[in-house]
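# Results of the structural survey
Residue-level listing of the chains:
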Amino acid sequence: PSEQAVPADSPLGRRESQTEGIPRLNVVAIIDNRGLGRLALQPSQVEPLSAFLNRETIAETLQRDGQANLLLVTADAQGSSTPWIDGLDLDLADFGLTLSRVTQSFGDEGPAAEVIFDYYNVTSDQLLIPSTAAKAIEDEFADRGLVPALTYLANAIEKVDSAGTPTASVPYSTITAIDSSPSLPLEFGDADLPADQSPSGRPREPGSPTPIVLNRWAADALEANLGDRLRVAYFEPEVENGREVERFFDAVLSEIVPITKPARPYRRTRPAEFDQPPTIYNDPDLTPTVPGVTDQESISDWDLPFKLEREIESEDDRYWTEHRLTPKAFLPLADGRQYFGSRFGDTTSLRIPATSVADETQLRRELLAVLSPIRQQLGWQPIEIRRQQLDASRGTTPFDALFLSLSSFVILAAILLIALLFRLGMLQRAKEYGVLLAAGWTGRDVSRLAVREGMWVALPGIVFGVLGGLGYAAAVLGALRSWWVGAVTVPFLEFHANPLSLVIGAAAGALVSWLTLLVTARQLRRSPARALLSGKVEPPIAETARRGSPQERSSSGWFGYASVAIAVVAIAVLIFGMRGSGLAQAGAFVGSGMLLLAAALIAVHGSLSRARRGGAASNQSFSLIAVAAGNPRRNPLRSTLSIGLMAVASFLIISMSAFQLRPTDSGVGGFDLIASTATPLYRDLADPAVRRELLGPDHTALASATIVPLRVRAGQDASCNNLYQAIQPTVLGISPSMADTTHGATFEWAAVDQPAGGATDDASPWTMLETLAVGTEDDPVPLVLDQNTAMWSLQMRGGVGEVRAFEWHSGHPIYFRVVGLLANSVLQGSLLIGQANFEHLFPSISGFQSFLIRSDDPPAASAALEKRLGDIGMDVRDTRTVLSRLMAVQNTYLKTFQSLGALGLMLGTIGLAIAQLRSALERRGELAVMRAVGFSRARLASLVMLETATLLLLGIGCGLLCASIAIAPYLFSGQSQPAMIAPMIAVVAIALLGLLAGVVAVARVVRMPLVESLRAA
């Protein structure tokens, strides 16, 4: 926003009474005819502006308001975005350029007046004309006498003797680099020809002094004559690490041109007046208007970004009063561009003789015709807001895939629970199934009947499951909008359910349920009617008799081979997955976890089966603990299902706890503070002298501080805090001091590009960023970024060596090559490139806007910086706090995934309770006999609780073992640094909840009627 008044003839000016108190908008968001956008307006501004800011009004504002800088896109009724920038009536002011006619005459007004000079001058409100615009205009008007010029401020013009010692000096003089022309003839000697030739055609001698022309005032002040040696002191166009760098070049005086002293000097409100004819060199318009300089009455009042350290004499101030910024010296354009040109440009004005222009209006049209084809390079780039919003809304992380894959563990637990429940139901109705078999039904018919009955129970469960899934998803989104809003930084997440996904989910649930019931009901086909009539569901006697035979024992050995083979495959999947991207690693973790659990359960089932067939050993102990530990062998399949339920829950909860992140010294690179400014700081805070100057007495708070300044190309946040895809991420220009092995950064590297040939390099990986590159596909810019940013936010899955292009200007991609990946760093969310490459790629950006600070007293340093540099919007934050907020995103999502483990734990607890209840029902006769021979109720309750504890410990052990193997590669690669307390608490919680399952069976045993149970036996 600008503090300037709104022009009365603009639409905003005419509506000013309706928008009183709203600052003028130099940047206005896109507002299309459907109300999309309004991105740059504050809420207090939208309401009064929305009443009249429509397409026509914005277009009119563009035509009349030269200082607006707008990017416009509209959408038609069908929703397609159609740029209408081609139809805008742009003016030169919209490109930041000004066309003015510069005329100097002498004598009476009217046709009789003597015209000294008359030309049209093209200048820029940014002082330097963009190189693209300057070249286009030069090429178009070269045959019409156009003369480019570059005016610069010299710190001093000195006359030197043969030894190089200054004998006279003129401070703070404007010098114009311009070639000789009919309108402004200058005698440069050899310099009138191309820089590499002399009049005779021989090459100019390398290192020869630059020819320079002085006006009479400067020559007299220096007492200089033709051929005298001069030296010019000037600051480099761009500071180096925030400090001005003074340079010198040698010159030889080739000509002295006249200049007329005015009768009345300049004032702010009027030009100088002459009583003698001025010369063509009396032209202050060779220097563009510079606010804070050209409007001052004295050199001492100049508002410059650096101090005027040279002594200013009264004669110098008198020249300023009489001639303002009229150049004191001229030099060839090529030499001037060599000394004073920069990435910001090398032209301050373009002179077009008035004699070659028929009409100023026509000249404007011709200039606009030249600039229109390159308007995108000059900032007028249409942006399709709706398309960008849709692209960004695809997100950075496939949470649907992650939730579905991690839910597979819960689905597995649900399948096991279905099997346990169905088997319990079959046991309770065993006599009924036996009657059906006795009445002539086949085992296949009874099995089909059981499956159909099971599906009639499953279908309502599926409906409730779909509703529960909707509620669960809505609850998670609600938590992300409230409790966990720090993880997503946006409170406007909305619940959206696709009907097709609900149908697919319900169908998948029905299919899984049917297959589970079908497999479980197969036992009814093999059970004889007599066994069913006695209340037991078991295989035929002949099949049971075969157990323990050499053939059966041989076939059972395949359980061990299968478990080992599956475990090997799981480890291979995990290792190869670690070499891939974030999605590949996530898939490898889930896949290997499932395989490891399967291997563990197969091994457990095989072990229990072998122990059952082996019978009681001669030295077997009949203590209560031994009996309880041996009971799971009585039904290996049911025990394995119960163990699997607890193993799944344990795996999810423990493995997710291992990925919780905590700030570390390597994560913050050894820095205590990270600071940012709203506007660039052009001084080097790393320099103690600059800190003393900027911070005054408070500089002592940073006396021993180490500061690394960073350049910033503002863009979209590519950290985990941004749920949307970053198309134009923020870029940081890394100072070479980051590679200092003593005072530089100590970030931990997840991966670093290896030198060619396998050679070792002890230098910091940051030095790789100093390699200069142009940013093409063949010569990409070296890039460092955080591993999480690369894997998730930017979907850069190739790791070190990947080449990726980003566009900050449409049609101009910049290619980068990853040379290093940081591990969980505070620099997450930005592209990190070398400072030299940054200056090349983003020439319009200067100064520093981000700072990494290491201090002995961080609170004092933070207070000093925010107090003294508040005028540029200095904001200082603790690096560990920033890193904690970034890590909170991953930690929050891990908590949501752990909620799946909690669901699995609930299923496991229910399943374990069902298994123990079924065991008590099957053994009610046995338990009654034990009660009759003298076992107390408490003794029997202890037996059941010990059996539960045995299954529980086996389940937790399997889950813990599989989780440890699955997360091992992440531990070794440094991607995970698990805490010990959280997993221990998780294990204790699982054990306590699991023991609750035994309480159900204990209650059943305690209430069991003795006589009725004996009859059942």
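How each quantity is defined
Residues numbered from 1 in each chain as written. Predicted model: local features only at pLDDT ≥ 70, side-chain atom pairs only at ≥ 80, totals over all residues. Heavy atoms only, no water. Helix = DSSP H or I, 4+ residues; strand = E, 2+ residues; numbered from the N terminus. Buried < 20%, exposed > 50% of the residue type's maximum accessible area, 1.4 Å probe, protein only. Areas by Shrake-Rupley, 256 points an atom, 1.4 Å probe, with all protein chains shown as cover. Expected span 1.5 Å × (residues − 1). Arc of directions from axis to C-beta. Contact = heavy atoms within 4.5 Å. Polar contact = N/O pair within 3.5 Å; in protein donor to acceptor, adjacent residues only side chain to side chain. pLDDT = per-residue confidence, 0-100. Salt bridge = Lys/Arg side-chain N within 4 Å of Asp/Glu carboxyl O. Phe/Tyr/Trp six-rings, centres within 6.5 Å; stacked < 30°, edge-to-face > 60°.

Turning our eyes to something else, we now look at the overall build of the protein. Each helix and strand in the protein was counted, giving 30 helices and 21 strands. For the protein, buried positions account for 48% of its 1017 residues. Surface summary for the protein: the accessible area is close to 47900 Å², and the carbon and sulfur share equals 56%.

A separate point is helix α8 (residues 360-371). Relative to the 16 Å expected for 12 residues at 1.5 Å per residue, α8 spans 16 Å between its end C-alpha atoms, a close match to the ideal helical length. Residues Leu363, Leu367, Leu368, Val370 and Leu371 constitute the buried set of α8. Each buried residue of α8 sits inside an arc of 155° when the element is viewed along its axis, so together they form one side. Turned more than 90 degrees from where α8 packs its buried face, Arg365 and Ala369 sit exposed. Where α8 is buried, its residues touch β3 (97-106), β4 (114-124), α4 (131-141) and β11 (349-353). Of the residues flanking the start of α8, the one acting as N-cap is Asp359, its side-chain oxygen 3.0 Å from the backbone nitrogen of Thr361.

On average, residues of the protein carry a pLDDT of 78, and 78% of them reach 70 or more. When mean pLDDT is compared element by element in the protein, strand β10 (residues 329-331) scores highest at 96, while helix α1 (residues 11-14) scores lowest at 34. Considering only residues more than four positions removed or in separate chains, one finds that residues 191-204, a stretch of pLDDT under 50, has 23 contacts. Taken together, the stretch residues 541-549 has pLDDT below 50 and engages in 10 contacts with residues farther than four places along the chain or on a different chain.

One can find Thr151 in strand β5 (residues 147-160). A sequence separation of 182 residues divides Thr151 from Leu333, and the C-alpha atoms of the two residues are 9.8 Å apart. Setting aside its immediate chain neighbours within four residues, Thr151 contacts Thr174, Ile175, Thr176, Leu286, Thr287, Pro288 and Thr348. Separated by 2.6 Å, the side chain of Thr151 and the backbone oxygen of Leu286 make a polar contact.

Now for the pattern of salt bridges. Taken as a whole and judged by the stated rule, the model has 24 salt bridges. Among the salt bridges present, the one from Asp139 reaches Lys135, with a minimum N-O distance of 3.0 Å. Taken together, the positions of Asp139 and Lys135, both in helix α4 and four residues apart, correspond to about one turn of that helix. Asp283 is the partner of Arg351 in a salt bridge, and the nearest nitrogen-oxygen pair spans 3.2 Å. Note that Arg351 is positioned in strand β11 and Asp283 in the loop between β9 (246-257) and α6 (314-323), a separation of 68 residues in sequence. Classification of Arg351 as buried rests on a relative accessible area of 5%. Residue Asp283 is classed as buried on the basis of its relative accessible area of 1%.

The phi angle at Leu127 is positive, at roughly 75°, despite the residue not being glycine. Residue position: Leu127 is located in the loop between β4 and α4. By relative accessible area, which is 37% here, Leu127 ends up partly exposed. Backbone geometry at Arg324 places phi at a positive 50°, although glycine is not the residue there. Here Arg324 is to be found in the loop between α6 and β10.

Moving on, we get to the packing of aromatic side chains. What the rule picks out here adds up to 20 aromatic pairs. Each ring, one from Tyr152 and one from Tyr234, has its centre 6.5 Å from the other, and the planes form 80°; the classification is edge-to-face. Of this pair, Tyr152 sits in strand β5 while Tyr234 sits in strand β8 (residues 229-235), placing them 82 residues apart in sequence. Across the pair, exposure class does not vary: Tyr152 and Tyr234 are buried alike. On the numbers, 5.8 Å between centres and 55° between planes, the contact of Tyr234 with Phe249 is tilted. Here Tyr234 is found in strand β8, whereas its partner Phe249 is found in strand β9, with 15 residues between them in sequence.

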